[in-house]
Amino acid sequence: MASFTPHGKHLIAGAWVPGETTFASDPAHGPSHDFAVGTPALVDAACQAAEEAFWTYGYTTREARAAFLDTIADEIEARADAITEIGTQETGLPEARLIGERGRTTGQLRLFAAHIRKGDYLDRRHDPALPDRAPLPRPDLRMMQRPIGPVAVFGASNFPLAFSTAGGDTAAALAAGCPVVVKGHSAHPGTGEIVAEAVHAAIAACGMPAGVFSLIQGGNRHVGQALVQHPLIQAVGFTGSLAGGRALFDLCAQRPDPIPFFGELGSVNPMFLLPAAMAARGASLAQGWAGSLTMGAGQFCTNPGIAVVLDGAEAEGFAQAASEALAKVGPQTMLTDGIAAAYRSGRDRVAGSAGVQQVLTSMCDLRNATPYLYATTGREWLANAALGEEVFGPLGLIVRAADEAEMMQIARSLHGQLTCTLHMDAGDSALARRLMPVLERKAGRVLANGFPTGVEVCDSMVHGGPYPASTNFGATSVGTLSIRRFLRPVCYQNIPADVLPDDLA
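This one's a predicted model, so the numbers in the text were calculated from it and none came from an experiment.

Caption draft 1: The overall build of the protein, seen in detail. Scanning the protein from N- to C-terminus turns up 14 helices and 21 strands. Taken over the C-alpha trace, the protein has a radius of gyration of 24 Å; the compact-globule value for 505 residues is 23 Å, and the two agree within 12%. Taking the principal axes of its C-alpha atoms as reference, the protein extends roughly 75 × 70 × 40 Å. Looking at the protein residue by residue over its 505 residues, the buried ones come to 57%.

Structure (structure tokens):
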């Protein structure tokens, strides 16, 4: 399938449904297309269909669901070239990035299929009956994780494949046995549509109930509000801004029946560059930071925006090397005009803060992003909480700590993060050991001598952290553990074997 022309409709329970009004896509390049605007009535239809589908899909075998996930991956790959073409047009992301993200998306689906086939995620437990125990007998008790019901997923602007229509949240919910209603992101509606066609084809090929998946294209805020407040939705998966995510989180909490909101909202992903490592390889660390900071125009939730160093000659050399590396990076197209405008606003906020010095400035306008580099002292950082707020784009801030004690204060001052990084050599072990209890309390992933902008999809990955990195610090949105978000434990007491769920019998 070499090319794709969107029809602009919603997918509701197996039918492509037009809308009364439309919006035009705003691609970085290539043709614009019209797409139907979502409505609360379409949300209700999709949620009703998802609830009806749950009574079948929620009780399918693990093998049937695994085959379904594998088939979705196959159908996405069958549309590979067309997905790349429209994805690059809509987002401005380079072909290589879209190809890699597609591989991550299909690999994730197949990993989850293999994982549920094993059955370990069910966390099955059994305490046999003890009828002769004194003073009281014990009944036969069994426990297993069970799917919770229909799940709402919000597509992300910065990952049109891996965190959107058939991305991590959708794959995890389907693996758990939960139907999904996706609210597509208006930044890449054509990409969402073609991936929805792949899921639609997989539903038909595997004989799954039509309501197991629906896609409602972008619309105004009322669509998202209607989705998270619909009484049949049992959980929400979201990747996006702190402001938007917090608003939806509050709506979930205010429902008559509050539901979990699994939001990944924002992080500055601080790096702590320890003295021995700085003395041995400060320049190469600066060059590596520049590459990570500008990857994908800085539009990664794991973008390492903060570098904490000890003040001195090595800090000056690090700043100079980082500035030289960043100066070589040309303008990059951002995902949307709105994201580009927000980046410039964040730049102005940082640049206008007291005690912040400009190390590298550039010129960016329209939908383009260019790097910026600033520096401040540990004292100024500790006095200004706004410096710890995310700037979504290729902007770096060097924080010069006066000594190790102030570096510890900076670590303790951090809000919740997706990642924290230690750059260290053997001579830094003592300071690293002091930092570790703080960093593991602040972040979902702590790494050494690397950069956090690659998130491996595997069993042990944690992509989450204390608020505001995410709204549920006990969960991850990447890796097989993410399936557990859409399950709940059920205990079965003295249930006859021929009545128990097949996975417990």
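The discussion continues.
Caption draft 2: Layout of the pairing of strand S8 (residues 180-183). Neither face of S8 is open: one carries Val180 and Val182, the other Val181 and Lys183, and all of them are buried. A crossover links strand S7 (residues 151-154) with its parallel partner S8, the connecting element being helix H5 (residues 168-176), and its sense is right-handed. Two strands pair when backbone bridges link them, and S8 and strand S9 (residues 213-216) are joined in this way by four bridges, in the parallel orientation. Each bridged residue has a counterpart across the sheet, and for Val181 the counterpart in S9 is Ser214. Crossover S8 to S9 through helix H6 (residues 189-206) is right-handed.

Caption draft 3: View of the environment of Leu215. Counting through the fold element by element, Leu215 comes out in strand S9. Taking relative accessible area as the criterion, Leu215 reaches 0% and is therefore assigned buried. Sequence-distant contacts of Leu215, defined by excluding residues within four places in its chain, comprise His10, Leu11, Ile12, Val182, Gly184, Gly192, Glu193 and Ala196.

Caption draft 4: Quick peek at the nonpolar core. Counting residues in each nonpolar core, the largest one holds 93 residues, and the members touching the most others are Phe272, Leu435 and Phe486. Counting residues per element, this core draws most heavily on H6, which supplies seven residues. Counting residues in hydrophobic clusters, the runner-up holds 23 residues, among them Ala46, Ala152, Val223 and Ala226.

Caption draft 5: Local environment of the packing of helix H2 (residues 62-78) against H5. At a minimum axis separation of 9 Å, H2 and H5 run at an interaxial angle of 155 degrees. As summarised for this structure, H2 and H5 are arranged roughly antiparallel, according to the angle between their axes. When you trace H2 past H5, the crossing you get is right-handed. Residues Arg65, Phe68, Leu69 and Ile72 of H2 form the contact with H5, whose participating residues are Ala171, Leu174, Ala175 and Ala176. Residues belonging to the contact of H2 with H5 are distributed by class as follows: seven nonpolar, no polar and one charged.

Caption draft 6: Region of interest: unusual backbone geometry. At the junction of Ala134 and Pro135, the peptide bond is cis and its omega measures out at 5 degrees in the coordinates. With respect to the helices and strands, the residue Pro135 is situated in the loop between strand S5 (125-127) and strand S6 (141-147). Within the chain, Ala13 stands out as a residue other than glycine whose phi angle is a positive 50 degrees. One can find Ala13 in the loop between strand S1 (10-12) and strand S2 (15-17). Given the relative accessible area of 27%, Ala13 is considered partly exposed. Located in the positive-phi region is Ala297, a residue other than glycine, with phi close to 60 degrees.

Caption draft 7: Representation of the sheet that holds strand S17 (residues 372-377). Taken together, the seven strands give an open sheet; going across it, the order is S15-S17-S18-S13-S12-S19-S20, and neighbouring strands pair in mixed fashion. Each edge of the open sheet carries a strand with a single partner, namely strand S15 (357-360) and strand S20 (443-448). Shown here is a sheet whose adjacent strand axes are inclined to one another by a mean of 20 degrees, direction ignored. Pairing analysis gives five bridges linking strand S19 (residues 417-423) to S20, with the strands arranged parallel. Within S20, the position partnered with Thr419 by the bridge is Arg445. Strands in contact with helix H10 (residues 313-327) are strand S12 (271-273), strand S13 (306-310), S15, S17 and strand S18 (395-401); relative to S15, the strand with the most contacts, it is inclined by about 50 degrees.

Caption draft 8: Layout of the environment of Thr294. Relative to the helices and strands, Thr294 resides in helix H9 (residues 275-294). Accessibility expressed as a relative area gives 8% for Thr294, which makes it buried. Remark: the alpha-carbon pair of Thr294 and Glu193, spanning 101 residues in sequence, is separated by 29 Å. With near-sequence residues (within four places) excluded, Thr294 lies in contact with Leu326, Val329, Gln332, Pro371 and Pro394. One polar contact links the side chain of Thr294 to the main-chain carbonyl oxygen of Ala290, over a distance of 2.8 Å.

Caption draft 9: Seen up close, the side chain of Arg65. Here Arg65 is to be found in helix H2. An unpaired buried charge is present at Arg65: no salt bridge exists, and Asp503, the closest side chain of opposite charge, is 5.5 Å distant. At a separation of 3.1 Å, a polar atom in the side chain of Arg65 contacts the main-chain carbonyl oxygen of Ala175. Sequence-distant contacts of Arg65, that is, excluding residues within four places in its chain, are made with Tyr57, Thr60, Ile116, Tyr121, Leu174, Ala175, Ala176, Gly177 and Met208.

Conventions adopted
Residues numbered from 1 in each chain as written. Predicted model: local features only at pLDDT ≥ 70, side-chain atom pairs only at ≥ 80, totals over all residues. Heavy atoms only, no water. Helix = DSSP H or I, 4+ residues; strand = E, 2+ residues; numbered from the N terminus. Rg over C-alpha atoms; globule rule 2.2 N^0.38 Å. Buried < 20%, exposed > 50% of the residue type's maximum accessible area, 1.4 Å probe, protein only. Right-handed = clockwise from strand over helix to strand, strands pointing away. Pairing = 2+ DSSP bridges. Contact = heavy atoms within 4.5 Å. Core = buried A, V, L, I, M, F, W, Y, C linked by side-chain atoms within 4.5 Å. Axes fitted to C-alpha atoms, helices over the stretch in contact; angles between N-to-C directions. Parallel < 35°, antiparallel > 145°, perpendicular 65-115°, else oblique. Left-handed = near helix turned anticlockwise from the far one by under 90°. Nonpolar A, V, L, I, M, F, W, Y, C, P; charged D, E, K, R; others polar. Polar contact = N/O pair within 3.5 Å; in protein donor to acceptor, adjacent residues only side chain to side chain. Lys, Arg positive; Asp, Glu negative; His and termini not counted. Salt bridge = Lys/Arg side-chain N within 4 Å of Asp/Glu carboxyl O.

Read these as geometric descriptors, not functional statements.
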